[in-house]
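Single-letter residue listing:
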Amino acid sequence: MSTKSNLNHIIIILFSVFSQGIVSQTIASPWPKITNTSQPWARWWWMGSAVDKPNLKKNLIDLRKAGIGGVEITPIYGVKGQENNFIDYLSPKWMEMLDYTIKIADSTGMQVDMVLGTGWPYGGPQVDVPHAATKLIVEKYTVKKGAKFIQEIKIDPTKEKTPAQLLHVVGYGADGSYIDLTNQLKENILEWTAKKTDYTLYGVFSGKTGQQVKRAAPGGKGYTLDHYSEEALNTYVTPFNTALKGFEGRIRSIFNDSYEVYGTDFTPQFFKEFESRRGYDLKKELPKLLSKNNLEADNRIKSDYRETLSDLLLNRFDKPWTNWAHSKNFKTKLQAHGSPGNLIDLYASADIPECETFGSMPYDVLGLRREKQDIREGDADPVMLKFSSSAAHISGKPLVSSETFTWLRDHFKIALSQCKPEAEDLLLNGVNHIFLHGSTYSPENAKWPGWKFYASANFNANNTTWEDAPALFSYIANCQSMLQQGKSDNETLLYWPVYDTWSHYLEGSLFIEFKIHSLGEWLKNTPFYTTTQNLIKQGYGVDFISDNFIAQAQVVDGKIALPGGTFKSLIVPPSEKMPLATLEKLIALKKAGGKIIFEGLPSSVPGYFEYENQNKQMIALLDANKEILQPTSDISKALAEAKVYPEKLIETGLKYIRRDSNGEKIYYIVNHTSKTIDDFIPLQIANKEVVIFDPLTKDYGNAIVQKQNDITMVKVHLESGQALFLKTENQASQPKWKYTEKTNEPIALNGNWKISFDKGGPQLPSKASLSSLKSWTTLSPEAEAFSGTATYSLSFNAPNITADNWSLNLGDVRESAQVWLNGVFIGTAWANPFSLNIGKLKKGKNELTIKVTNLGANRIRNMELKGEEWKIFYEINMVDKDYKKFDATKWEPTPSGLLGPVSITPLQNKN
């Protein structure tokens, strides 16, 4: 190895050491060690797979230096003009690039995930027509009594353009009779006479949706895969079995994106699978299945149909997929949402369940900007987020990931401060393994803004926010290092009555997709949703449970034991439909000492097979156990009887999540209110000392506590937008937490601010002086167009006030700031409330230096106003947050720089 290569290798290792916090953490620190798993990861878009080794190495080092722990490779459509550099997916050259990527990642302390395909959903050139996504097609024919029918059974070509296979021809008589005519077909021609009555004949076809892979990369185009067929899956992975030889264990996990397999409601073996699972021949009931009437029998058959789709997706695709990955020593990471299946079971089938956020959520954090013209309303409903984390908690999976920040704001308009509360809400709902959406591979010679995926956000070195992104990534890593300790400490299970949704009329639709973008269709306005919200608002920790996991439950020492741990109680919300087996198991758990709490009792079994007889059994079962099955109207009282108590800290407006680590509790508490919370808050645990951890600064110390009966009161100070961790212990083990109080009103820092532009483009504006702070866009046309970093400096005299420390508040910062006082680096202010403890001031003159970085919006606006083209991508090129043509010429200049007011406030230690 050359001297230069040795030096590069040493530099890479140092990047890894520093970014993992090995050097910066002292041995005595109670903070958990930062690992690549606790750091945020990034979905890494390979545009056209036009990658090369020097740029792969540079991209990876850039990511690692910033604090990214791993990448998930997703090849997509390419860049115009780069066609000669495109690399076909899974070609020898592509596998060479993958191998090199893994080697460089390993050398820097990173890991690599990959999608099993290009774009999404799964599909590609290896998917032939028989194994492509499938739909049920039925052609109807009327035959009068005594009439002879001679006709080819085929699909009306004006209705369907995709290939289809004729499976069955069946007839339904006006007298209620049924006849299967399939064996009378000759080359799809039926010759038959209706002797007894009038008939309606159904030609039943296995049709194809025709859907192609979305955003496919070179070498990855083709049909979307049939996701209800293990045979289709096995065919699909055949080229991977060859290509991935030698990669066993080197890829961390295989990813499957959200279920965007549109219009698929069938698979060629569906009727056989249906009969074995549901107990009757669906072909005999097709008129009821396809009916648009809102009738009980029809809806019951549709429920069975929907349940069978769920079963097939779980047992014929997701579980075999995970088994295939395990055979190669890979883990799996799955987004189940959007599918027609039971989300809890599907998420739990993977090693790492993954949820998704899309758009912007509202917060009351003081100063947090959410300009209407820059956002799309978000879908990160806490109840929806809990499906993935619940699946992990009840199945014993330690990691819960999230596709994070997708369309948080429009392109070039996402500030780090706007990322923080969105990430916090994910962490509060059980996510502990955040994936950025995303980061685009971009070669060094690409003109600014470089290569860019069509959906924001974009985290890479071309983005101005990259300057201070390490502060965001460090915050996430600190949080996740805590939230990966121990296990979830939710004490209550809540049954998800999915059969109530499957049993609904749903406007006659054959299936429902559990999408995050359409919660009103299947989640909101349900008793389950209402109960979940009420429990969360009262301060209870809740995980959801499915029928399949209830079947696995046991009672151990009075607790409900599942593969993932034990729970003190299980709540059954009001529900109409419940399988008899589920009710029997709930009663058995209750008789065994489990705390099963019914808000309401089911009125019927789901499904069609012998349902009248099963309903009689249910009525008898409920009657025989009526003394122990009394529904409660007071959930809180029932939970208290189960020794489950809410965390009353929720009454302050704080949000929390709790974990258990070897018997001690870890609380993550976040202030998303508009007020400062400076008070004692109660923890639902007795007689404990508490260590406070600040994930923003990594400060820690033992809190002031008051021990009251069964709770521990902890003194905290949380300004709007701030968060802390609290960890219990039996004896105080750390230095005292430094509590401070303000001894004077904020003192404005006025004077002659000097501003110089350091780096960015399209060109560096001239230096300027400001007697009052304002957006630098007002200084000159060059400054209006500028995106990058500028340095503000101010000399000021220390106020004649005694103080132990001083707090610096930067006011309105657009968008992040690094701060030095008298030449000493203080820290980075990147999120609300944009304040830092700057320690003591010198007597007399002090020098304040602030490096502020703005967004890329003004530079891209300037480019478009000048007609400079940067949108050079194939396929979707380029859309805004509303999926309309991107046009930055319509934007006003985005305020930039230090807008102030800047002030300092004297602090006095209270310990």
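Worth saying up front: this structure is predicted, and the values here are computed from it rather than measured. (Residues numbered from 1 in each chain as written. Predicted model: local features only at pLDDT ≥ 70, side-chain atom pairs only at ≥ 80, totals over all residues. Heavy atoms only, no water.)

## Re helix α10 (residues 382-395)
Along its 14 residues, α10 runs 20 Å from first to last C-alpha, staying within 8% of the 20 Å computed at 1.5 Å per residue. Maximum bend of α10: about 35°, positioned at serine 388. Along α10, 13 of the 14 residues are buried, which leaves the element largely enclosed by surrounding structure. At the N-terminal boundary of α10, the capping side chain belongs to aspartate 381, with an oxygen 2.8 Å from the backbone nitrogen of valine 383. Just downstream of α10 lies glycine 396, where phi reads positive at about 85°. (Helix = DSSP H or I, 4+ residues; strand = E, 2+ residues; numbered from the N terminus. Expected span 1.5 Å × (residues − 1). Bend = angle between axes of the 7 residues up to and from the residue. Buried < 20%, exposed > 50% of the residue type's maximum accessible area, 1.4 Å probe, protein only. Polar contact = N/O pair within 3.5 Å; in protein donor to acceptor, adjacent residues only side chain to side chain.)

## Examining the pairing of strand β7 (residues 164-173)
With 8 of 10 residues buried, β7 is to be regarded as a mostly interior element. In this structure, β7 lies alongside strand β11 (residues 199-208), joined through 9 bridges in antiparallel fashion. Among the inter-strand pairings, leucine 166 is bridged to a residue of β11, identified as phenylalanine 205. Alignment of β7 against strand β8 (residues 178-180), held across 3 bridges, turns out to be antiparallel. Note that in β8 the partner of tyrosine 172 across the bridge is tyrosine 178. (Pairing = 2+ DSSP bridges.)

## With respect to helix α18 (residues 611-624)
With 14 residues, α18 ought to run about 20 Å at 1.5 Å a step, and its terminal C-alpha atoms sit 19 Å apart, in line with that. Listing the buried residues of α18 in full gives Tyr611, Asn615, Met618, Leu621 and Leu622. The arc that holds every buried residue of α18, seen down its axis, measures 120°, which confines them to one face. Turned more than 90 degrees away from the buried face of α18 sit Lys616 and Ala624, all of them exposed. On its buried side, α18 packs onto α8 (296-327) and α17 (580-591). (Arc of directions from axis to C-beta. Contact = heavy atoms within 4.5 Å.)

## Re the confidence of the model for the chain
Looking at the chain as a whole, the pLDDT averages 95, with 97% of positions reaching at least 70. Note that pLDDT drops below 50 for residues 1-27; the model gives that stretch 30 contacts with residues more than four away or on any other chain. (pLDDT = per-residue confidence, 0-100.)

## Focus on the side chain of asparagine 432
Tracing the backbone through its elements, the reader meets asparagine 432 in the loop between α11 (416-428) and β17 (433-440). Judged by its relative accessible area of 1%, asparagine 432 falls in the buried class. Within polar-contact distance, the side chain of asparagine 432 engages the backbone oxygen of proline 398 at 3.0 Å. Engagement of the side chain of asparagine 432 in a polar contact is seen with the backbone oxygen of leucine 483, the distance being 3.2 Å.

## Digging into the layout of surface pockets
The volume enclosed by the second largest pocket comes to roughly 680 Å³. Considering the residues around the second largest pocket, the lining is formed by 27 residues, among which Pro382, Asp425, Asn429, Ile536 and Lys655 are closest to the centre. At 4 residues, the largest contribution of residues to the lining of the second largest pocket is made by helix α15 (residues 527-538). By residue class, the composition of the lining of the second largest pocket is 15 nonpolar, 6 polar and 6 charged. (1 Å grid on protein atoms, 1.4 Å probe; cavity = no way out; pocket = protein on both sides within 12 Å on 5 of 7 lines; lining within 4 Å. Points joined across faces, edges and corners; volume = space filled by probe spheres on them. Nonpolar A, V, L, I, M, F, W, Y, C, P; charged D, E, K, R; others polar.)

## Regarding the packing of α11 against helix α12 (residues 469-483)
At their nearest, the axes of α11 and α12 sit 10 Å apart, and the two run at 10° to each other. Compared by their axis directions, α11 and α12 come out roughly parallel. Only Ala469, Leu472, Tyr475, Cys479, Gln480 and Leu483 of α12 make contact with α11, whose side of the interface consists of Leu416, Cys419, Lys420, Glu424 and Leu427. Here the contact of α11 with α12 is composed, by residue class, of 8 nonpolar, 1 polar and 2 charged. (Axes fitted to C-alpha atoms, helices over the stretch in contact; angles between N-to-C directions. Parallel < 35°, antiparallel > 145°, perpendicular 65-115°, else oblique.)

## Some details on the sheet that holds strand β33 (residues 723-729)
Each strand in a sheet pairs with its neighbour through backbone hydrogen bonds, running either in the same direction (parallel) or in the opposite one (antiparallel). Ordered in space as β18-β26-β27-β33-β29-β30, the 6 strands form an open sheet in which the pairing is antiparallel. In this open sheet, the two strands that pair with only one neighbour each are β18 (487-488) and β30 (700-702). As defined by bridge partners, strand β29 (residues 689-693) adjoins β33 across 5 bridges and the pair is classed as antiparallel. Residue pairing across strands places phenylalanine 693 opposite phenylalanine 725, the latter belonging to β33.

## Thoughts on the sheet that holds strand β5 (residues 134-143)
The strand order across the open sheet built from 4 strands is β5-β11-β7-β8, with neighbouring strands paired in antiparallel fashion. Edge positions in the open sheet fall to β5 and β8, since each of these has one partner strand only. Across the sheet, the mean angle separating the axes of adjacent strands is 25° when strand polarity is ignored.

## A word on the pattern of salt bridges
Taken as a whole and judged by the stated rule, the model has 49 salt bridges. A salt bridge links arginine 277 to aspartate 311; the shortest N-O distance between them is 4.0 Å. Residue arginine 277 is located in helix α6 (residues 270-278), and its partner aspartate 311 is located in helix α8; the two are separated by 34 residues in the primary sequence. Accessibility expressed as a relative area gives 16% for aspartate 311, which makes it buried. Two residues, arginine 300 and glutamate 296, come together in a salt bridge whose shortest N-O distance is 3.0 Å. A residue pair is termed a helical-turn pair when its members lie 3 or 4 positions apart in one helix, as arginine 300 and glutamate 296 do in helix α8 at 4 residues. Salt bridges sharing common partners tie together Asp489, Glu491, Lys568, Glu647, Arg658, Asp660 and Lys665. (Salt bridge = Lys/Arg side-chain N within 4 Å of Asp/Glu carboxyl O.)

## A closer look at the side chain of threonine 108
Topologically, threonine 108 is positioned in helix α3 (residues 92-108). Here threonine 108 falls in the buried class, since its relative accessible area comes to 1%. A distance of 2.9 Å separates a polar side-chain atom of threonine 108 from the backbone oxygen of alanine 105.

## What to know about the packing of aromatic side chains
Within the structure shown, the criterion is met by 58 aromatic pairs. Residues tryptophan 46 and tryptophan 94 carry aromatic rings whose centres are separated by 5.5 Å and whose planes lie at 55° to one another, so their mutual orientation is tilted. Taken together, the residues span a long stretch of sequence, with tryptophan 46 in strand β1 (residues 41-47) and tryptophan 94 in helix α3 at a distance of 48 residues. Neither residue differs from the other here; tryptophan 46 and tryptophan 94 are each classed as buried. Ring centres of tyrosine 236 and phenylalanine 240 lie 5.6 Å apart, and the angle between their planes is 50°; on these two criteria the pair is classed as tilted. (Phe/Tyr/Trp six-rings, centres within 6.5 Å; stacked < 30°, edge-to-face > 60°.)

## Focus on the packing of helix α2 (residues 53-66) against α3
As a packed pair, α2 and α3 sit with axes 10 Å apart at the nearest point and diverge in direction by 35°. The two elements α2 and α3 cross, and the hand of that crossing is right-handed. On α3, the residues touching Lys53, Leu56, Lys57, Leu60 and Arg64 of α2 are Glu96, Met97, Tyr100, Thr101, Ile104, Ala105 and Thr108. Here the residues of the contact of α2 with α3 are counted per class, giving 6 nonpolar, 2 polar and 4 charged. (Left-handed = near helix turned anticlockwise from the far one by under 90°.)

## Re unusual backbone geometry
The bulk of non-glycine residues show a negative phi, and the bulk of peptide bonds are trans. Cis geometry marks the peptide bond from histidine 437 to glycine 438; its omega dihedral reads -5°. Mapped onto the elements of the fold, glycine 438 is located in strand β17. We note that lysine 698 has phi near 70°; this positive angle belongs to a residue other than glycine. Exposure remark for lysine 698: the relative accessible area of 23% places this residue in the partly exposed category.

## A few points about the pairing of strand β22 (residues 559-562)
Pairing of strand β21 (residues 554-556) with β22, which is carried by 3 bridges, proceeds in the antiparallel orientation. Within β22, the position partnered with valine 556 by the bridge is lysine 559. Connecting the antiparallel pair β21 and β22 is a turn made up of 2 residues, with aspartate 557 showing a positive phi of about 55°. If you look at the hairpin formed by β22 and strand β23 (residues 565-567), you'll find 2 residues sitting between the two strands.

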